[in-house]
Amino acid sequence: MTGAHSTSGEARARPATPLRETARLAAYFTEQKWAALLMVVLGLGAALAETLGIGLAVMLLFALLDQSAQIMEGGGLLARLYGAIQNVFGASASLIAVVFFMLILFNALLIYAYQLMAATMLNLVAERLRDMVHRQYVTVGYRFLQQREHGELIHTLATETWTVSGAFFSIARIVVNMCAVLVFGLGIFALSWVVGLTALVCAVAVFALLRLLARPVRRLGQETLEANQILAERMLVSLTGMRTLRVFAQESYVLRVFGSASSRVRRLAVRTERIKALIGPLGELGSISTLIIIALVAKAAGVDVPTIVAAVLLLFRLQPHLQEIETHRMALAEMQASLRNVREMLDRSDKPWPTEGTLTFPGLAREVRFENVNFFHDPRRGPSLGDASFTIRRGETTALSGPSGSGKTTVMNLLLRLYEPDSGRILVDGADLNDFTRASWLSRLAIAGQDVELIEGTVEQNIRLAAHDATIEEIRAVCEMVEILDDIECLPDGFDARIGAGGLNFSGGQRQRIGLARALLRDPEFLILDEAMSAIEPAREDRIRRRIAEMMRGRTILVVSHRSTPSIDADHTVFVENGRAREAARA
Ligand SMILES: Nc1ncnc2c1ncn2[C@@H]1O[C@H](COP(=O)(O)OP(=O)(O)OP(=O)(O)O)[C@@H](O)[C@H]1O
Ligand SMILES: [Mg+2]
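Going by an unreviewed UniProt entry, the chain carries the name ABC-type multidrug transport system fused ATPase/permease subunit and comes from Actibacterium naphthalenivorans. Recorded in UniProt for the chain, the comment headed Subcellular location (unreviewed entry) runs: "Cell membrane".

Rendered as structure tokens:
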């Protein structure tokens, strides 16, 4: 399902690598460059301190064994270093020990600072990415989200944003470790070029071997990602469909499908780990072989013992750095698919964006006119609204009538700017609807719909969505109007009662009445009722309808009805059939 994502032209031109993906994502973090640099400097400092420390450790060892003469005899870097230390601190072993200790302490402090920095950065990057992806979800064209699997969207938001910050961390670790390898390597070369060269040849061989492992890990990474998205989708189905699944007694089916998605994630993870776990032992094997080869070569070349000991110690310390580089390279290979997903999600160029007008909507003066409006939910399915032309006049109640699936809700969604016409125009007092800012237009509108979109939270929070600063008296007043106040007050928690997932804690008619209360709380100039009372008994519906008509007198109402005869209290009816709209002759 991820493979189908469109990729930008640039992405097609050059094969994506984890490094390139991360570099593109790094473009969102230009202000944090200094921090990345500081991290590398700290890591480099720690490696330098450690290299010096190892030199000192060898001196200390030989000084304690009263074998310092051996160092001087050997000549080379170690002897020069020892000479310099003797000049400054004297020949005492305890003084060398003190310097050694100070150096190690300094190193420890550097490492601590580095860790703090890394943790801060890691979390900062994760937060920024999470917020950016979330912003994208909240502001992108509604159509884009409708076409996506929610499991996939949740996985990207909740998990993959962490993966990306992990990728930045991995790259920083690779750079730091490469610096360390460079410092240690130079140290070894400075001690003895014979040892240095031998080590280099061996390291290249070991790296080439480990490289072979990256390809299967990358492939497994992609598979793991898809498996995780499917698992997230299954979780969502089990939660959002809990009622339907139970009433159709589908528990065992759900358990089976979930179980198999879950075990696929495990199997893939184990397979990945099986390959990744090879890095350690293979690296170990490589480094021990390297050490043996070096010892043999160095002995044959007549390198002195203290130099060999120092070089071998450096090599020992170098090996974990090489191994860490390999581990992070492997992790990056595994992350590649996630990196691409997050990058694609953040890409603005290939997504639909709602048009944001510049004018402030001053209020409806005359009419809203649909002019040859075409809209396709999906081009393969034909128009959901085809060439629709009709007028909604200010101060009137317009009924939108037509069979199920004819395009009534689509008309409402266009008015609410969830969608935009594919062709044709919606004119508001002669101006294009899109010329007005969404906020100023929507602030004068309110809708109560057929599937009341209650969100998780309390009753009060749901009603307040329409007007955050409404007083509790105002809320109670609208609740009374739509006859939901008594129902709410009977609840143990009253207005603080939880709506439940999908509004499941309330009956269908109660949900619709809460939705109506919410729409009326906005005190709108233009009220849209999309079968907002389909689950309410006729007598009550009549009472509520009369109160709404009273409250909205002189204002505009658009009301959807299935009935082919014009709704009694409508001034005007628009018939919609197969996406085509036709206006009834006005009386
Ligand atoms: N998200 C969507 N994706 C694809 N097609 C859609 C989508 N929403 C609606 N449609 C299609 O668009 C057409 C018009 O749908 P719409 O919801 O506007 O009908 P309606 O008149 O409100 O029907 P009802 O009276 O049943 O509510 C239908 O054929 C429907 O299948
Ligand atoms: Mg509808």
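More follows now that the structure is in view.
1. Focus on the overall build of the chain
Tallying secondary structure elements over the chain gives 21 helices and ten strands in all. The C-alpha radius of gyration of the chain comes to 35 Å, more than 25% above the 25 Å expected for a compact globule of 587 residues. Principal-axis analysis of the C-alpha atoms gives the chain an extent of 115 × 50 × 50 Å. Burial status across the chain gives 48% buried among its 587 residues. Total accessible area on the chain is roughly 29400 Å²; 60% of this is exposed by carbon and sulfur atoms. Positive and negative charge centroids in the chain, built from 62 and 61 side chains respectively, lie 6 Å apart.

2. Focus on a positive patch on the surface
On the surface, Arg 264, Arg 266, Arg 267, Arg 271 and Arg 274 cluster together into a positively charged patch. Relative to the elements of secondary structure, Arg 271 occurs in helix α12 (residues 251-276).

3. A few points about the pattern of salt bridges
Throughout the structure, instances matching the rule amount to 24 salt bridges. For Arg 148, the salt bridge goes to Glu 152, with nearest N and O atoms at 3.3 Å. Judged by relative accessible area, which is 4%, Glu 152 ranks as buried. Between Asp 523 and Arg 555 there is a salt bridge, with the nearest N and O atoms lying 2.8 Å from each other. With Asp 523 in the loop between α20 (508-521) and β7 (526-530) and Arg 555 in the loop between α21 (538-551) and β8 (556-561), this residue pair connects regions lying 32 residues apart in the sequence. Three or more residues are tied together by salt bridges with common partners; here these are Glu 483, Glu 537, Arg 540, Arg 543 and Arg 547.

4. Observations regarding the site of ligand 1
Around ligand 1, a shell composed of 15 residues is seen, among which Ser 404, Gly 405, Lys 408, Thr 409 and Thr 410 lie nearest. Between ligand 1 and Gly 407 there is a distance of 2.9 Å, counted from an oxygen atom to a backbone nitrogen or oxygen. Here Lys 408 contributes a side-chain N or O atom positioned 2.7 Å from an oxygen atom of ligand 1. Along the lines of polarity and charge, the residues of the shell around ligand 1 split into one nonpolar, eleven polar and three charged.

5. Brief notes about the sheet that holds strand β1 (residues 367-375)
Strand order in the open sheet formed by four strands is β2-β1-β4-β5, and the pairing between neighbours is antiparallel. Looking at the sheet topology across the chains shown, the edges are occupied by β2 (385-393) and β5 (431-432). Bridging between β1 and strand β4 (residues 423-428) involves five bridges; their strand directions are antiparallel. Following the sheet pairing, Val 368 is matched in β4 by Val 428. Contacting β1, β2 and β4, helix α15 (residues 408-415) runs over the sheet at an angle of about 115° to β1.

6. Topic: the state of the cysteines
If you walk through the whole model with that rule in mind, you get zero disulfides. Not engaged in a disulfide, the cysteine Cys 490 finds its nearest cysteine sulfur in Cys 479; these two sulfurs lie 13 Å apart. On the accessibility criterion, Cys 490 (68% relative accessible area) is exposed.

7. A look at the domain arrangement of the chain
According to the domain assignment, the chain consists of domain 1 (18-191 + 325-346) and domain 2 (367-583). Spacing between the C-alpha centres of domain 1 and domain 2 amounts to 56 Å. With four residues of domain 1 at the interface, the matching set in domain 2 holds six residues. Approximately 420 Å² of surface area, both sides summed, lies buried where domain 1 meets domain 2, with 44% of it carried by carbon and sulfur atoms. Counting across the interface, domain 1 meets domain 2 through one salt bridge.

8. Thoughts on unusual backbone geometry
A negative phi angle characterises most non-glycine residues, just as the trans form characterises most peptide bonds. For Asp 387, which is not a glycine, the phi torsion comes out positive at approximately 55°. Looking at where Asp 387 falls in the secondary structure, it is placed in strand β2. Owing to a relative accessible area of 38%, Asp 387 belongs among the partly exposed residues under this scheme. One non-glycine residue, Asp 523, adopts positive backbone phi at about 50°. Its relative accessible area of 46% is what places Asp 523 among the partly exposed residues.

9. Considerations on the sheet that holds strand β9 (residues 572-577)
Spatially, the six strands line up as an open sheet ordered β6-β7-β8-β3-β9-β10, and their pairing is mixed. Unpaired on one side and paired on the other, β6 (445-448) and β10 (580-583) mark the two borders of the sheet. Taking the axes of each pair of neighbouring strands and ignoring which way they run, one obtains an average angle of 20° across the sheet. With five bridges joining them, β7 and β8 adopt parallel strand pairing. In the strand pairing of β8, Leu 529 is matched with Val 559. Packing against the sheet, α15 makes contact with β3 (397-401), β6, β7, β8 and β9, and its axis sits at approximately 150° to β7. Contacting β6 and β7, α20 crosses the sheet at an angle of about 175° to β6.

10. A few points about the packing of aromatic side chains
Applying the stated criterion across every chain, the model contains six aromatic pairs. When the centroid spacing of 4.5 Å and the interplanar angle of 15° are considered together, the rings of Phe 370 and Phe 390 count as stacked. Of this pair, Phe 370 sits in strand β1 while Phe 390 sits in strand β2, and the two are 20 residues apart along the sequence. Grouping residues by exposure puts Phe 370 and Phe 390 together as buried. Centre to centre, the rings of Phe 375 and Tyr 419 are 4.7 Å apart; their planes meet at 25°, and the pair counts as stacked.

Scoring rules and cut-offs
Residues numbered from 1 in each chain as written. Chains lettered and ligands numbered in written order. Predicted model: local features only at pLDDT ≥ 70, side-chain atom pairs only at ≥ 80, totals over all residues. Heavy atoms only, no water. UniProt positions renumbered as here; feature names shortened; annotations may be inferred. Helix = DSSP H or I, 4+ residues; strand = E, 2+ residues; numbered from the N terminus. Rg over C-alpha atoms; globule rule 2.2 N^0.38 Å. Buried < 20%, exposed > 50% of the residue type's maximum accessible area, 1.4 Å probe, protein only. Areas by Shrake-Rupley, 256 points an atom, 1.4 Å probe, with all protein chains shown as cover. Lys, Arg positive; Asp, Glu negative; His and termini not counted. Charge placed at Lys NZ, Arg CZ, Asp CG, Glu CD. Patch = residues over 30% accessible without salt bridge, like charges linked within 9 Å, V, L, I, M, F, W, Y side chains within 5 Å. Salt bridge = Lys/Arg side-chain N within 4 Å of Asp/Glu carboxyl O. Near = heavy atom within 4 Å. Polar contact = N/O pair within 3.5 Å; in protein donor to acceptor, adjacent residues only side chain to side chain. Nonpolar A, V, L, I, M, F, W, Y, C, P; charged D, E, K, R; others polar. Pairing = 2+ DSSP bridges. Contact = heavy atoms within 4.5 Å. Axes fitted to C-alpha atoms, helices over the stretch in contact; angles between N-to-C directions. Disulfide = S-S within 2.5 Å. Domains from an automatic or database assignment. Buried area = accessible area lost by both parts, 1.4 Å probe. Phe/Tyr/Trp six-rings, centres within 6.5 Å; stacked < 30°, edge-to-face > 60°.

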